[in-house]
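# An overview of the molecular structure
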Amino acid sequence: MLTKRIIPCLDIKNGRTVKGVNFVNLRDAGDPVELAKIYSETGADELVFLDISATEERRKTLANMVLQIAEAINIPFTVGGGISSVEDVAVLLKNGADKVSINSSAVKTPQLINNLAAKFGSQCIVVAIDAKQIDGDWVVHLVGGKQPTTLNLFDWALEAEKRGAGEILFTSMDNDGTKDGFANEALKKLSETLNIPIIASGGAGTMNHFTDTFKLGKADAALAASVFHFKEIEISELKKELKTQEIPVRL
């Protein structure tokens with residue numbers, strides 16, 4: 001059985017790590033390079049770095065910060081935000097990213113997934129999907145959750161896989177920042193629908209929430225931000241707890 005991964009997420013705005021609730025009310029959570037280094041040293045399996053205002057502000061991800069983070073850590077590292085071309089990805093990989101995450105640009109130009117997978121390999125293409133329930137249907141949203149689409153979460157995730165995505169990073173906007181747990185029913189359905197790894201995002205508040213998303217949600221990895229940034233949960237302690245729950249993790 002593959003080990004389950006614990007992934008801190010660094011949401012970056014104006015060069016600082018920030019965290020909000022339901023995608024709004026952002027507050028400062030520290031220097032991203034320092035945080036990345038701490039996570040690398042304290043047991044994180046991977047890191048995700050999202051320049052959350054890049055798409056909205058039509059500017060490119062902070063390649064220079066990517067380089068600084070890559071030099072400070074020794075674990076795999078995914079970068080997202082404002083990526084819309086093969087050239088964008090080439091710059092980020094050259095600066096030290098191991099994978100890239102695409103979201104709005106993939107929905108607007110699905111062929112981009114095919115192009116990136118063909119050029120760089122599926123293993124480094126993560127398709128991030130932000131969705132929330134509207135009238136019982138999981139609806140995909142763009143531009144940091146501000147813009148609803150007509151896409152259904154499960155249909156879009158399946159199309160992304162067929163086009164060459166190597167992983168799906170699913171954030172439940174309903175659960176994001178609430179600390180009430182992950183959207184495990186949706187995660188379980190995604191896991192049953194797809195053959196590629198699913199990263200759960202949105203809702204982590206306790207160690208039990210991680211146990212539940214691995215056992216009930218069938219997630220391959222769990223991503224969280226504020227519980228790690230503000231030291232409410234220490235990754236090393238979380239992994240010990242998961243081990244006692246017979247969930248395979250790398251200690």
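Structure first, text after, so check above.
Definitions and limits used
- Residues numbered from 1 in each chain as written.
- Predicted model: local features only at pLDDT ≥ 70, side-chain atom pairs only at ≥ 80, totals over all residues.
- Heavy atoms only, no water.
- Helix = DSSP H or I, 4+ residues; strand = E, 2+ residues; numbered from the N terminus.
- Contact = heavy atoms within 4.5 Å.
- Buried < 20%, exposed > 50% of the residue type's maximum accessible area, 1.4 Å probe, protein only.
- Polar contact = N/O pair within 3.5 Å; in protein donor to acceptor, adjacent residues only side chain to side chain.
- Axes fitted to C-alpha atoms, helices over the stretch in contact; angles between N-to-C directions.
- Parallel < 35°, antiparallel > 145°, perpendicular 65-115°, else oblique.
- Left-handed = near helix turned anticlockwise from the far one by under 90°.
- Nonpolar A, V, L, I, M, F, W, Y, C, P; charged D, E, K, R; others polar.

### Section: the side chain of Asn 95
Mapped onto the elements of the fold, Asn 95 is located in the loop between helix H3 (86–94) and strand E6 (99–102). Sequence-distant contacts of Asn 95, that is, excluding residues within four places in its chain, are made with Ala 63, Val 66, Leu 67 and Ala 70.

### Focus on the side chain of Arg 5
Of note, Arg 5 is situated in strand E1 (residues 5–13). Look at Arg 5 and you get buried, because its relative accessible area is 15%. At a separation of 2.8 Å, a polar atom in the side chain of Arg 5 contacts the side chain of Glu 46. Those residues within four positions of Arg 5 in sequence are excluded, and the remaining contacts are Asp 45, Glu 46, Lys 99, Glu 167, Pro 197, Phe 214, Asp 220, Ala 221 and Ala 222.

### Describing the packing of H3 against helix H5 (residues 111–120)
Running from N to C, H3 and H5 cross one another at 40 degrees; their axes reach a closest spacing of 10 Å. Here H3 lies oblique to H5, going by the angle between them. Crossing hand, H3 versus H5: right-handed. Where H3 approaches H5, its residues Val 86, Val 89, Ala 90 and Leu 93 are matched on the opposing element by Asn 115, Leu 116, Lys 119 and Phe 120. Here the contact of H3 with H5 is composed, by residue class, of 6 nonpolar, 1 polar and 1 charged.

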